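# Commentary on secondary and tertiary structure
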Amino acid sequence: MNAAKNTLSIKSIFLDFKEITKAGLAISVLFSSIAGYLLGVDSEHPFKWSVLAVLAIGGYCMVGASNAFNQVIEKDIDSLMDRTKNRPVPSGRMSPKMALLVASLLTIVGIALLYTINAKSAMFAAISIFLYTSVYTPLKTVTSLSVFVGAFPGAIPFMLGWVAATGEFGIEAGTLFLIQFFWQFPHFWAIGWFLYEDYEKAGIFMLPTGKKDKGTALQIILYTIWLIIASLLPVLGFTGQLFISPIAAVLVFLLGIWMLFYAVRLYNLRTAKAARTLMLVSVSYISLLQIVFIVDKFLR
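So, here is what we can say about the structure in this document. None of these values were measured; they are calculated from a predicted model.

Rules behind the numbers
- Residues numbered from 1 in each chain as written.
- Predicted model: local features only at pLDDT ≥ 70, side-chain atom pairs only at ≥ 80, totals over all residues.
- Heavy atoms only, no water.
- Helix = DSSP H or I, 4+ residues; strand = E, 2+ residues; numbered from the N terminus.
- Rg over C-alpha atoms; globule rule 2.2 N^0.38 Å.
- Buried < 20%, exposed > 50% of the residue type's maximum accessible area, 1.4 Å probe, protein only.
- Contact = heavy atoms within 4.5 Å.
- Areas by Shrake-Rupley, 256 points an atom, 1.4 Å probe, with all protein chains shown as cover.
- Axes fitted to C-alpha atoms, helices over the stretch in contact; angles between N-to-C directions.
- Parallel < 35°, antiparallel > 145°, perpendicular 65-115°, else oblique.
- Left-handed = near helix turned anticlockwise from the far one by under 90°.
- Phe/Tyr/Trp six-rings, centres within 6.5 Å; stacked < 30°, edge-to-face > 60°.

## With respect to the overall build of the chain
Counting its secondary structure elements, the chain contains 13 helices and zero strands. Starting at the N terminus and ending at the C terminus, the chain contains elements arranged as α-α-α-α-α-α-α-α-α-α-α-α-α. Since a compact globule built from 300 residues should have a radius of gyration of about 19 Å, the 20 Å found for the chain is in line with a globular shape. Over its C-alpha atoms, taken along the principal directions, the chain stretches across nearly 60 × 50 × 35 Å. For the chain, buried positions account for 50% of its 300 residues. Taking the contacts inside the chain whose residues are at least 6 apart along the sequence as the reference set, 73% of them involve residues at least 24 apart. Carbon and sulfur atoms provide 70% of the accessible area of the chain, an area that totals close to 14000 Å².

See the structure below:
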């Protein structure tokens, strides 16, 4: 009986840890960092499993810390929304002090691990955590500009991998940052659209016009176009060591048209279902784009 209780307790702790760090989101973000690392390695900066492992663990800690701090700060807000009321802190399964301790430990461990790769990686990780928790999170209940602010820490992981591989932040890392920066807007506005009523309960502002209207849908289309343009920059030869072949550029363009189709569809339908579909397409888009970039590099 005691063994069963202990097993249940360990399982519960593990599940709560997964939820407070948003494991699914953290792993998807981690994929971006690994993609950036693979794009950055070359003969001068050779691939190292040890660095990749440290980047993976440190990157998870970085994202997990941001999410845990966020859930401590928003515990009262989370209790108002159906989507979040069963999270560890608002449900009472984890005390705010314990969640804060977890977040603090993840911050220390994450930054320390990334520092062993190079100082710039640790610096960008610290900036990401600070912006996400101290600027983006408080602004969510004040202004829809919170999405703009949140796009900065959200865009760091892709370029963080490049910085981890090379130790440098230049046009290459900047381009990776730009791609993921513009991607944030259609992705999070789509989320803000289909979760509009839930966010409204907590007074959270996500949509640029504050409404599920043509104005918001039009901005989603415009930022998707900017995303497509940013994603194609590496084929032009102006982004240093980061470049893609014309064939890869065609694939990236087609991925962009695919996402743009669903952005236009949202403009026409303006339904929660169309917004949810766009969100899912946007997740597939960024992952497939990164895969195309990596495959193109190693097949050239």
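## Quick look at the packing of helix H2 (residues 23-40) against helix H13 (residues 272-299)
Between two packed helices, both the angle of their axes relative to each other and the distance between the axes serve to describe the pair. One way to put it is that H2 packs onto H13 with a least axis distance of 10 Å and a crossing angle of 20 degrees. The angle between the axes of H2 and H13 places the two elements in the roughly parallel class. For the pair H2 and H13, the sense of crossing is left-handed. Two secondary-structure elements touch here, H2 through Phe31, Ser32, Ala35, Leu38, Leu39 and Gly40 and H13 through Ser287, Gln290, Ile291, Phe293, Ile294, Lys297 and Phe298.

## With respect to unusual backbone geometry
Negative phi characterises most residues that are not glycine, and trans characterises most peptide bonds. A positive phi angle, near 50 degrees, is found at Lys22, a position not held by glycine. Structurally, the position occupied by Lys22 is in the loop between helix H1 (2-20) and H2. Despite not being glycine, Arg270 has its phi angle at roughly 50 degrees, a positive value. Locating Arg270 in the fold gives a position in the loop between helix H12 (246-269) and H13. Residue Arg270 is classed as partly exposed on the basis of its relative accessible area of 34%.

## Concerning the packing of aromatic side chains
Applying the stated criterion to the full structure yields 17 aromatic pairs. Relative to Tyr136, the ring of Tyr132 lies with its centre 5.1 Å away and its plane at 40 degrees, an arrangement referred to as tilted. Residue Tyr132 and its partner Tyr136 are both found in helix H7 (residues 119-139); the two are separated by four residues, about one turn of the helix. Neither residue differs from the other here; Tyr132 and Tyr136 are each classed as buried. Each ring, one from Phe182 and one from Trp226, has its centre 6.0 Å from the other, and the planes form 15 degrees; the classification is stacked. Taken together, the positions of Phe182 in helix H9 (residues 171-194) and Trp226 in helix H11 (residues 214-232) put the pair 44 residues apart, joining distant regions of the chain. Overall, Phe182 belongs to the buried group, its relative accessible area being 15%. The partly exposed category is assigned to Trp226, whose relative accessible area is 47%. Through a chain of ring-to-ring contacts, three or more aromatic side chains come together here, namely Phe148, Phe152, Phe177, Phe181, Phe182, Phe185, Trp189, Tyr223 and Trp226.

Interpretation in functional terms is not warranted from these geometric data alone.
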